[in-house]
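Spelled out, the chains give:
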Amino acid sequence: MSREWKKINSKLIYSNPWIKLHEDSVFRPDGKEGIYAFLEKQAGNFIIAQDKDNFVYLINEYRYPLQKNILQLPAGVIDNGNILEQAQKELREETGITAEKWERLGGFYVAPGHETTYINIFLATELNLAGLKTDYQENDEVIQEVIKMSVSKLKKMILDEKIECGLTLAALNLFFLRYKDEFLPQTSDNTE
């Protein structure tokens, strides 16, 4: 017996400019009939802005669903097809920072069991900090401040569960794995 999902039909349960909720009638992999609901959202970008001294810039933003402020990387949805332009726009809007050098580090699906959202991770370097402020944010954003943080402090905050945004954690994990030799003290022990 082949284990696969088979769609019988699909209906749009709810839609607004930001999300769509779908409910599909399906045959499940066990052959039984059922339903599968999932959320469709626009792809997005998360940006790691790193200055010449290896400090990373985060934002402290009020998040309505949580009813509290959390620390996270600058981020936003992709409104058009050019993901790099959208990443540059979000960094500028949320922090006032611009960057000369951009590198896409990778990407991932947020929650593939119930959501279609794909996130791109960018590293922005050679920063221009002259416009650093939160005055450019969009109407629905409540960014309290931009925070400059050393990599060692950032790692400690992650371990102390002070960084609670899962997408920020995933983005930083990719960043740390890619550039681990630049942030770890050199030792004579070559074991992993």
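Residues numbered from 1 in each chain as written. Predicted model: local features only at pLDDT ≥ 70, side-chain atom pairs only at ≥ 80, totals over all residues. Heavy atoms only, no water.

### Here we look at a nonpolar patch on the surface
There is a patch of nonpolar side chains on the surface, built from Ile-13, Tyr-14 and Leu-21 and spanning about 260 Å² of accessible area. Mapped onto the elements, Tyr-14 comes out in strand E1 (residues 6-15). (Patch = residues over 30% accessible without salt bridge, like charges linked within 9 Å, V, L, I, M, F, W, Y side chains within 5 Å. Areas by Shrake-Rupley, 256 points an atom, 1.4 Å probe, with all protein chains shown as cover. Salt bridge = Lys/Arg side-chain N within 4 Å of Asp/Glu carboxyl O. Helix = DSSP H or I, 4+ residues; strand = E, 2+ residues; numbered from the N terminus.)

### Overview of helix H3 (residues 166-178)
Helix length check: H3 (13 residues) gives 18 Å between terminal C-alpha atoms against 18 Å at 1.5 Å per residue, within 8%. Listed in full, the buried residues belonging to H3 are Thr-168, Ala-171, Leu-172, Phe-175 and Phe-176. The buried residues of H3 occupy an angular sector of 135° when projected down its axis, which confines them to one face. (Expected span 1.5 Å × (residues − 1). Buried < 20%, exposed > 50% of the residue type's maximum accessible area, 1.4 Å probe, protein only. Arc of directions from axis to C-beta.)

### Overview of the confidence of the model for the protein chain
Averaged over the protein chain, the pLDDT score is 91; the fraction of residues at 70 or greater is 93%. Mean pLDDT in the protein chain bottoms out at helix H4 (residues 180-183), which sits at 64, and peaks at strand E4 (residues 44-50), which reaches 98. In this model residues 184-192 is a low-confidence stretch, pLDDT under 50, and it forms three contacts with partners more than four residues away in sequence or in other chains. (pLDDT = per-residue confidence, 0-100. Contact = heavy atoms within 4.5 Å.)

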